[in-house]
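# Coordinates in review
These are the residues of each chain, in order.
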Amino acid sequence: MQATQPTRKHRQHYFSFAAAISFFLMFCFSAYGKQTDTGYGQLNMIKPLEESASLDHYPHAEESYLVAYTTRDYKDRPVPAFGQVLLPSGKAPEGGFPVVVFAPGTTGLAPECAPSISKEVRYDNYVDLWLEKGYAVLRPDYQGFDVSGPRVVLDGATNAADLAGLVIAAHDIKAVNLANQWLAVGHSEGGAAVLWLASIDNPAGKTHPLKGVVAAAPTGTGVVGMLTGAANTNKLPGVLQGYVAMTILSAKVQDPSLSLDALVNPGFMPVIDDTQVSCKPSGVTDVTEDSYINLGDDFDKVVQFVETRSYLPTNKLNVPVLIVAGLTDESSVSADLARDESRKLCEAGSMVDFQTFTTESHQDILPRSFDKSVEFASYVSQKVVPGDFGNCTEIKG
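Attention here is on the structure that accompanies the text. Just so it is clear, the model here is predicted, and its values are computed rather than measured.

On to helix 10 (residues 297–309), then. Compared with the 18 Å implied by 1.5 Å per residue over 13 residues, the 18 Å span of helix 10 between its first and last C-alpha is a close match. Inspection of helix 10 places Asp-298, Phe-299, Val-302, Val-303, Phe-305, Val-306 and Arg-309 among the buried residues, and these make up the whole buried set. Along the long axis of helix 10, the arc covered by the buried residues comes to 160°, so they all point the same way.

This is the structure we're talking about:
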C-alpha cells in the first residue's frame, strides 16, 4: 500500500503519533505468524504525516512517513519493525536527497520506550540538524517494541539488520526521492550498531551502498566492566543500575536458562521489575547485600551475551568510520575505551578517524561532533576514499 501524494506539515499533538503506531502495527501484523515468507526489507505499509506523525519536533522537515517493514531477529527469522522517513524542505537534488540513517541509543524495554515516542530520551534536535543540512533522515524503532517483542538491547546484529532493512524499505516509497548511497550515524548502543553494520558487506544490497558510519560514544567493552561493577558493589548510580537490568533481561530473552533468582540479589530485584515497565528506572539506594548481582554461571551467561552480540567487531570494516567520544562521558563509554576499540579496528585494517570532544553529558557528544560528522559525510560521499583516510597511525601509537 503506497501513498501517492505526500502530506505537508501539520501541527498535531504528539500523543497522536504513539496512538498511530499502536494501531498501525496491530493492523499490519495481526496475522504476522502466518507471514513466514515475508522478505527482508519489504515495505509492508506506509502512512503519510496526517495519519502517522507530527513534525512539531522537526522544524526543518517538510514531509514525514511512518513505515512498517520486515527485518530479521537473532535467529534470522522475519519480524516486523517500523520507522520514520523524514524529508527536508525544498526540492530533492538530482539523484535524490542524501540519506542519513540515525541509530538511537538505549531508550528502555517497554513498548512506550520506543525511540520515536520515548519521553525520556529524545534525539529530535540532533535529527533536525541533519534535516537543516538537506539530508533525508531515516529513524528506525528497533524491533521488539511491538508484536515482535520483547525488546533486546545491545544486540548489534539485529540492530544493524533493522537499520539496513529500513533503508531498503524507504527506497520503495514511490513518492520519495532518495539517493541510493547512504550514511549511518549512531549514538551509544546505536554507535555499536553502526559499527556492526560496517562489518557487513553491502548490508542493504549493492543497489544501496553504505558509504560510511559515524559512531558516537559507541558501547563496547565498558558494558562488561559495568556488569562486573554491579557484581562487586552496591553503589552504582541509578542510570547504570537501569542499564545493568536491561542487559540482564535482554540476555535472558536469548538464553532462557539464565536464572534471575540465582543472579540477582533480592535488594536489586525491584530495579529488574521496574525496568520492564519504566523507560527510566529509578534505581535503589537501600540494598543490604554487598552487590546487586552475583558472580557465577548465570553472570557468565550475561557476559557471553554481551561479548557475542554486543561487542564492537574487531575484524576489518568495509567502509570508513568516524568514532567520536566525549572526554567527560559519565556513562560506561569513556573516551579511553572508545580509543582502545578504535585501535583494535585500526589493527584489523579498518579506515578509522577517532576524535574526542569536550562534553557535558553522554548525549552531548552528538551536537558537539555534528560539524565533524557533516564534514565526514561529505568526504565519504566521494566515489573513492583514499586508503590513508583517518588517523590510525596516531591511534596505534
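Summed over all chains, the structure comprises two disulfides. Here Cys-113 connects covalently by a disulfide to Cys-279, the sulfurs 2.1 Å from one another. An S-S torsion of about -105° defines the bridge between Cys-113 and Cys-279 as left-handed. Separated by 166 residues along the polypeptide, Cys-113 in the loop between strand 4 (97–103) and helix 3 (124–132) and Cys-279 in the loop between helix 9 (269–275) and helix 10 bring together distant segments of the chain. Here the bonded cysteines of the chain are numbered in sequence order, and their pairing is 1-2, 3-4.

A separate point is the pairing of strand 3 (residues 78–88). In terms of burial, strand 3 is a largely internal element, 10 of the 11 residues being buried. When strand 2 (residues 61–72) meets strand 3, the two strands line up antiparallel, connected through 11 bridges. Bridge pairing links Thr-71 to Val-79 in strand 3. Between the antiparallel neighbours strand 2 and strand 3 lie five residues, among them Asp-76 with a positive phi of about 65°.

As a further point, take the packing of aromatic side chains. Considering all chains together, one arrives at nine aromatic pairs under this definition. Arranged with centres 5.0 Å apart and planes meeting at 85°, the rings of Trp-130 and Tyr-135 form a pair that is edge-to-face. Between Trp-130 and Phe-370, the aromatic rings sit 5.1 Å apart at their centres with planes inclined by 80°, giving edge-to-face as the arrangement. Of the two residues, Trp-130 is situated in helix 3 and Phe-370 in helix 13 (residues 370–380); the sequence distance between them amounts to 240 residues. For Trp-130, a relative accessible area of 1% gives the class buried. Members of the aromatic cluster, connected to one another through ring pairs, are Phe-102, Tyr-123, Tyr-126, Trp-130, Tyr-135 and Phe-370. Here the guanidinium or amino end of Arg-72 rests over the ring plane of Tyr-40, the centre of that ring lying 3.8 Å away.

Take Thr-358: it is sitting in the loop between strand 9 (352–357) and helix 12 (365–368). A relative accessible area of 55% places Thr-358 in the exposed class. With 32 residues separating them in the primary sequence, Thr-358 and Gly-326 have C-alpha atoms 5.7 Å apart. For Thr-358, the residues in contact, after removing those within four places along its chain, are Leu-327, Asp-364 and Arg-368.

Turning our attention to unusual backbone geometry. The backbone of Asp-76 sits at a positive phi, close to 65°, despite the residue not being glycine. Within the fold, Asp-76 resides in the loop between strand 2 and strand 3. Phi is positive for Ala-217, close to 45°, though the residue is something other than glycine. Mapped onto the elements of the fold, Ala-217 is located in the loop between strand 7 (210–216) and helix 6 (222–230).

A separate point is helix 7 (residues 238–254). Given a rise of 1.5 Å per residue, 17 residues ought to cover 24 Å, and the 25 Å separating the end C-alpha atoms of helix 7 matches this to within 8%. All of the buried residues along helix 7 are Leu-240, Gln-241, Gly-242, Val-244, Ala-245, Met-246, Thr-247, Ile-248, Leu-249, Ser-250 and Ala-251. Summarising the contacts, the buried residues of helix 7 are in contact with helix 6, helix 8 (260–263), helix 9 and helix 10.

Following both chains from N to C, one finds helix 6 and helix 7 inclined at 105°, their axes separated by 10 Å at the closest point. By the angle between their axes, helix 6 is roughly perpendicular relative to helix 7. Between helix 6 and helix 7, the contacting residues are Val-223, Met-226, Leu-227 and Ala-230 on the first element and Leu-240, Tyr-243, Val-244 and Thr-247 on the second. Of the residues in the contact of helix 6 with helix 7, the class split is seven nonpolar, one polar and no charged.

Once that is clear, we can look at the nonpolar core. One finds Val-67, Trp-182 and Val-213 to be the most contacted residues of the largest nonpolar core, which totals 58 residues. Among the elements that line this core, the one with the most residues is helix 4 (residues 156–170), at eight residues. If near-sequence neighbours (up to four positions away) are discounted, Val-213 is found in contact with Leu-183, Ala-184, Val-194, Leu-195, Ala-198, Val-319, Pro-320, Val-321, Leu-322 and Phe-376. In terms of nonpolar packing, the next biggest core, distinct from the first, is built from 35 residues, Val-153, Leu-258, Leu-263 and Val-271 among them.

Taken across its six residues, strand 1 (residues 43–48) has five buried, putting it largely inside the fold. The sheet contact formed by strand 1 and strand 2 spans five bridges and is antiparallel. Along strand 2, the bridge assignment pairs Ile-46 with Val-67.

Before going further, it helps to examine the pattern of salt bridges. All told, the structure shown has 13 salt bridges when counted by the stated rule. Across the pair Arg-122 and Asp-124 runs a salt bridge, and its minimum N-O distance is 2.7 Å. A salt bridge links Arg-343 to Asp-340; the shortest N-O distance between them is 2.4 Å. With a gap of three residues between them, Arg-343 and Asp-340 both fall in helix 11 (residues 335–347), about one helical turn apart. Of the residues examined, Asp-340 reaches a relative accessible area of 25% and is grouped as partly exposed.

The rules we used
Residues numbered from 1 in each chain as written. Predicted model: local features only at pLDDT ≥ 70, side-chain atom pairs only at ≥ 80, totals over all residues. Heavy atoms only, no water. Helix = DSSP H or I, 4+ residues; strand = E, 2+ residues; numbered from the N terminus. Expected span 1.5 Å × (residues − 1). Buried < 20%, exposed > 50% of the residue type's maximum accessible area, 1.4 Å probe, protein only. Arc of directions from axis to C-beta. Disulfide = S-S within 2.5 Å. Pairing = 2+ DSSP bridges. Phe/Tyr/Trp six-rings, centres within 6.5 Å; stacked < 30°, edge-to-face > 60°. Lys NZ or Arg CZ within 6 Å of the ring centre and 35° of its normal. Contact = heavy atoms within 4.5 Å. Axes fitted to C-alpha atoms, helices over the stretch in contact; angles between N-to-C directions. Parallel < 35°, antiparallel > 145°, perpendicular 65-115°, else oblique. Nonpolar A, V, L, I, M, F, W, Y, C, P; charged D, E, K, R; others polar. Core = buried A, V, L, I, M, F, W, Y, C linked by side-chain atoms within 4.5 Å. Salt bridge = Lys/Arg side-chain N within 4 Å of Asp/Glu carboxyl O.

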